Amino acid sequence: MNVPERPWLLRKPWLGVTRPSWVMILIAITLLGLSWLQMSPTRPAGVATPPVSEDAGTGPVDHPSSSCSGFYRPGLARRTTFSIEQFGGVGDGTTSNTDAFRRAVEHLKALGDKGGSQLTVPRGRWLTGSFNLTSNFTLYLEEGAIILGSQDPNEWPLIEPLPSYGRGRERLGARHISLIHGDGLSDVVIMGHNGSIDGQGRMWWEQWWNRTLKHTRGHLLELVNSHNILISNLTFINSPFWTIHPVYCSNVVVKNVTILAPLNAPNTDGIDPDSSSNVCIEDCYIESGDDLVAIKSGWDQYGIAMAHPSSNIVVRRVSGTTPTCSGIGFGSEMSGGISNVLVEDLHVWNSAAAVRLKTDRGRGGYISNITIANVTMERVKIPIRFSRGSNDHADEGYDPKALPRINGVYIKNVVGVDVGKAPILEGMEGTIYEKICFRNVSLGRISPEARWHCEFVAGEAYDVSPMPCRELKNNGSSSWCRNS
């Protein structure tokens, strides 16, 4: 697959996606520009400003507010470079390279404390089953290099469920390992000259559709308990399940990445930071059958017990489409808590929602101190949604009295074109979604019958069209919302 250098401009005709109207985009940008002169978005309190640095493969950071890529700090210089061909790899698209990748990483593991190493994948189609990475290591895909996921389920071995989930996310018990996996690592770079990693996920999607899936599907890339990670300049295609999944990780940068899956491919989330901190996601283009970005932190009583929140996360300049889900999602697995998140410059079209908070009884946890600024959307069914009660639980051991706490969600500078409905904000009886703030929101021409729907929420709204619900009152010039 020939992928352009600018992944966020990519459109795939075979996925049935139409290019957004440039007239609509120009209108949206103009309105945002005018609003920006009146109120520039503020960084949520507690979100660290990444240092100015030159990190591997991403170029210099012009200003700390324009990039969060400084969350990744380059470690040891890679003194040794090998090609997968030196370990018997054959890039013909049919020969299995599982043993070659596993031998290569095992060999390079010994070089981790001797300056680190790089494994290069040259042009070709490299079929492989799952393999693990190592520390102080770079996996580099040259232009025209494609790693292909094996079509043999036995080459995606079973591993233990994550402790914050208590079981596989889709099926009880163990789960399939990701195609590219790492656990307990430090200083890992996965990058390239716009090479591709293709999970060939249709085999797994069909098992889901046919209800023959025995174990939870594997991710395309999962890193667990790892620190100082850079993922950049690659295209991820056709993941069996969630595409990029850092869990219990810190200092993770995902930059200049394209993620593609058919728009009906089930649960093919783009990027899901999970119980992780200091995460930067920027300049990414995503087409998927689920959320473009979903921030998570564990499932029901298992996530509550582990209490490992997701915090200090920046999502900036992400665009894409998902017909069934949202551009940015919080939850629904958020039992360990989510806090201090900044989302800026989000562009979503032909999607179910642009922004969505998803919770449930039994989740517990919290979502707090969230700032979402500068959102443009076209042909979105529900622009902003707080949803509840999907009754989706790990097992019968959840506590129905464990209710989520939502406090401090600031949404501002939003423009919508051809939006189907007004926002739907459904809190949950027994708890209040507090300090919900809307500023400078224009959703265009919505039918007079399309009114905001609000339940169990409290907050304020200023310069919002159509007229917000009465739960979002206006407190005048002394307002905490107006002056935030």
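The text that follows walks through the structure, step by step, so that each part is easy to find. Note that the coordinates shown come from a computational prediction; the quantities given were computed from them, not determined experimentally. (Residues numbered from 1 in each chain as written. Predicted model: local features only at pLDDT ≥ 70, side-chain atom pairs only at ≥ 80, totals over all residues. Heavy atoms only, no water.)

1. Focus on the sheet that holds strand β14 (residues 221–224)
As a reminder of what qualifies: Here, any two strands with at least 2 DSSP bridges between them count as paired. Helix and strand assignments come from DSSP, with helices taken as H or I runs of at least 4 residues and strands as E runs of at least 2, each series counted from the N terminus.
Spatially, the 4 strands line up as an open sheet ordered β7-β12-β14-β16, and their pairing is parallel. Bordering the open sheet on either side are β7 (131–132) and β16 (244–247), each of which pairs with just one other strand. As judged from the 4 bridges shared by β14 and β16, these two strands associate in the parallel manner. Of the residues in β16, the one forming a bridge with Val224 is Val247.

2. Structural notes on unusual backbone geometry
Following Gly331, the chain continues into Ser332 via a peptide bond in cis, with omega recorded as 10 degrees. The residue after Ser465, namely Pro466, is reached through a cis peptide bond having omega 5 degrees. Along the polypeptide, Pro466 turns up in the loop between β28 (457–465) and β29 (472–473).

3. Observations concerning empty space enclosed by the protein
Going by this rule: Site definitions follow a grid-based scheme: protein atoms alone, a 1 Å grid, a 1.4 Å probe that fits but cannot get out for cavities, and for pockets an open set with protein on both sides within 12 Å along at least five of seven lines, plus lining residues having an atom within 4 Å of a point. Grid points are joined across faces, edges and corners, and a volume is the space filled by probe spheres set on the points. Residue type decides the class: Asp, Glu, Lys and Arg count as charged, Ala, Val, Leu, Ile, Met, Phe, Trp, Tyr, Cys and Pro as nonpolar, and the leftover types, Gly among them, as polar.
The full count for this structure, using the stated rule, is 1 cavity of 30 Å³ or more. Put simply, the largest cavity is a space of about 100 Å³. Looking at the largest cavity, it is lined by 13 residues, and the ones nearest its centre are Leu162, Arg169, Arg175, Thr216 and His219. In terms of residue class, the lining of the largest cavity is built from 4 nonpolar, 5 polar and 4 charged.

4. Side note on the layout of surface pockets
Summary: where empty space remains is shown by rolling a probe the size of a single water molecule over the atoms. Of the pockets and cavities examined, the second largest pocket occupies roughly 420 Å³. Lining the second largest pocket are 23 residues, with Arg169, Asp290, Ser332, Lys358 and Asp392 sitting closest to its centre. When contributions to the lining of the second largest pocket are tallied by element, the ones reaching two or more residues are β22 (338–358) and β23 (366–387). Of the residues assigned to the lining of the second largest pocket, the class counts are 4 nonpolar, 7 polar and 12 charged.

5. As for the nonpolar core
Soluble, globular proteins show a tendency: their nonpolar side chains are buried together. Spelled out, the test is: Among the buried residues, those of types Ala, Val, Leu, Ile, Met, Phe, Trp, Tyr and Cys that are joined through side-chain atoms within 4.5 Å form a nonpolar core. Any residue under 20% of the maximum accessible area for its type is buried, any over 50% is exposed, and the rest in between are partly exposed; the area is computed with a 1.4 Å probe on protein chains only.
Residues Leu133, Leu139, Phe236, Phe330 and Phe438 are the most contacted members of the largest nonpolar core, which totals 94 residues. Counting residues in each nonpolar core, the second largest holds 10 residues, with Val189, Met191, Leu230 and Cys280 among its members.

6. Quick look at the state of the cysteines
Heads up, the condition is: To count as a disulfide, a pair of cysteine sulfur atoms needs to be within 2.5 Å.
The tally for this structure, following the rule as stated, stands at 3 disulfides. Across the disulfide from Cys68 sits Cys280; the S-S distance is 2.0 Å. On the sign convention where negative is left-handed, the bridge of Cys68 and Cys280, at about 75 degrees about the S-S bond, is right-handed. A residue pair is termed long-range when its members are at least 10 positions apart, and Cys68 in the loop between β2 (59–60) and β3 (80–83) and Cys280 in strand β18 (residues 277–287) qualify at 212 residues. Judged by relative accessible area, Cys68 falls into the buried class, the value being 1%. Residue classification places Cys280 among the buried residues on the basis of a relative accessible area of 0%. Covalent S-S linkage joins Cys437 and Cys481, the inter-sulfur distance amounting to 2.0 Å. An S-S torsion of about 75 degrees defines the bridge between Cys437 and Cys481 as right-handed.

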